[in-house]
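Chain residues, written in single-letter form:
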Amino acid sequence: MASFVQFLQRSGVYAAQGFMIVPRGGFNLVCLRDSKDVRLSYDRGRLQVDDVRLEHVERVAQEYIDTRYGKQKSQERDDQLLRLRTALYATARPQGLARGLKVSAKGVGIPELKATRGNIGIRLEVAILPRKDFTIAFKFLRHLDQSGKVINATKWTPDDVPWFLTRLNWTFGAQTNIFFTLVDATWITVQKALGPKISRDVFRKDIVPLKKRGADLTCFLVGDYDAMATEAAGQYLPDEQVCVVVDQGNPPVFDHGEAFIGVMAHEVGHFLHHKRNMPGSGHHDRGGILLSSGLESLSLDKQLVSNLNAW
Ligand SMILES: [Zn+2]
């Protein structure tokens with residue numbers, strides 16, 4: 001039985017939902033397993049589907065990674081490029097049963113890609129998504145301790161921002177073609193003793209006014225924050241287009257290693273939800289998916305993609 005699977009985790013192929021995304025004017029990759037004698041059919045006015053052969057692997061892998069990570073160099077980028085090249089070489093072997101498909105968008109909308117053998121067929125809806133770009137700023141809080149000395153309220157620093165951006169741009173870029181450009185990453189100092197846990201009132205009154213003017217979104221790192229019960233480790237303020245994320249993130253709801261960046265992505269998700277004028281906060285009950293009220297991850301699904309971007 002043939003099946004579609006993703007090459008890289010969270011790369012905009014939602015195989016279980018029979019859905020994938022392709023950036024408008026760009027391409028995405030999908031692996032077709034058990035492809036012997038399978039015939040592909042699709043709307044040739046809107047899609048172009050090519051097999052990634054041995055001689056294409058290097059160029060296709062490089063272009064794929066460049067588009068999603070931009071010019072930012074990082075270990076994650078190098079690791080992903082290696083993973084993708086390895087996977088593409090495996091499917092490009094002439095005698096292999098799996099095929100690596102490069103699905104390019106020539107039009108708009110949500111055409112279908114079908115793979116048929118005999119009278120059995122499987123299908124993917126291919127959502128062709130416009131690219132959306134937003135600017136983002138990060139502000140790191142300093143305030144006074146009891147003796148009047150300036151102290152860092154957060155363990156994070158502007159040096160961590162390239163990693164924040166890499167993770168946010170893969171989470172939203174590869175999965176729904178939304179990208180963030182950094183416009184500022186600096187310390188801010190409030191000349192008051194604010195205590196170890198920042199209250200919501202203090203945040204609005206003393207910290208939010210220090211947001212980056214002109215940025216679409218400012219994300220504040222303040223150490224600890226008195227978040228509401230429904231939003232355990234951060235908050236997004238739609239009227240101000242700012243968010244706050246606690247240093248520790250939310251370990252109970254995200255996998256190990258994603259507790260902090262997961263909460264940041266969650267708050268950014270609220271921002272994107274709000275930008276599309278969607279009703280409500282954006283919370284849902286689909287476990288394991290970003291913005292879920294239960295367990296979460298950095299994974300999106302078809303519903304969330306359609307809430308954050310349009311085809
Ligand atoms: Zn939330």
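Figured I'd write up the structure that's included with this text. (Residues numbered from 1 in each chain as written. Predicted model: local features only at pLDDT ≥ 70, side-chain atom pairs only at ≥ 80, totals over all residues. Heavy atoms only, no water.)

Here we take up the coordination of the zinc ion. Summarising the metal site, the zinc ion is bound by the protein donors Glu 231 (OE), Glu 231 (OE), His 266 (NE2), His 270 (NE2) and His 283 (NE2), whose distances to it range over 1.9 to 2.2 Å. All donors of the zinc ion belong to a single chain; written as a sequence motif, their spacing is E-x34-H-x3-H-x12-H. In this pair, Glu 231 sits in the loop between strand E15 (224-225) and strand E16 (234-237) while His 270 sits in helix H5 (residues 259-275), placing the two residues 39 residues apart along the sequence. The exposure class assigned to Glu 231 is buried, which follows from its relative accessible area of 8%. (Donors = N, O, S within 2.8 Å, 3.2 Å for Na, K, Ca; no water. Helix = DSSP H or I, 4+ residues; strand = E, 2+ residues; numbered from the N terminus. Buried < 20%, exposed > 50% of the residue type's maximum accessible area, 1.4 Å probe, protein only.)

Taken together, five strands build an open sheet; the order of strands is E2-E3-E9-E8-E5 and the sheet is mixed. This sheet does not close on itself; its edge strands, each paired only once, are strand E2 (13-14) and strand E5 (39-42). Taken together, the five bridges between strand E3 (residues 19-23) and strand E9 (residues 120-129) define a ladder with parallel strand orientation. Residue pairing for E9: Phe 19 is matched across the bridge by Glu 125. (Pairing = 2+ DSSP bridges.)

Okay, helix H4 (residues 200-207) next. Taken as a whole, H4 has its buried residues at Phe 203, Asp 206 and Ile 207. End-on view of H4: buried residues confined to an arc of 105°, all on one side of the axis. For H4, the exposed residues set more than 90 degrees away from the buried face come down to Asp 201 and Lys 205. (Arc of directions from axis to C-beta.)

This part covers the sheet that holds strand E4 (residues 27-33). Each strand in a sheet pairs with another by means of backbone hydrogen bonds, the pair being arranged parallel or else antiparallel. Taken in spatial order, the four strands line up as E1-E4-E7-E6 in an open sheet, and their pairing is antiparallel. Both outer strands of the open sheet, strand E1 (3-5) and strand E6 (47-51), are each paired with one neighbouring strand and no more. Between one strand and the next, the sheet's axes are offset by a mean angle of 35°, whatever the strand orientation. Pairing of E1 with E4 involves three bridges; the strand directions are antiparallel. Of the residues in E4, the one forming a bridge with Val 5 is Cys 31. Set on the sheet, helix H1 (residues 57-69) makes contact with E4 and strand E7 (99-105); between it and E4 the angle comes to about 130°. (Axes fitted to C-alpha atoms, helices over the stretch in contact; angles between N-to-C directions. Contact = heavy atoms within 4.5 Å.)

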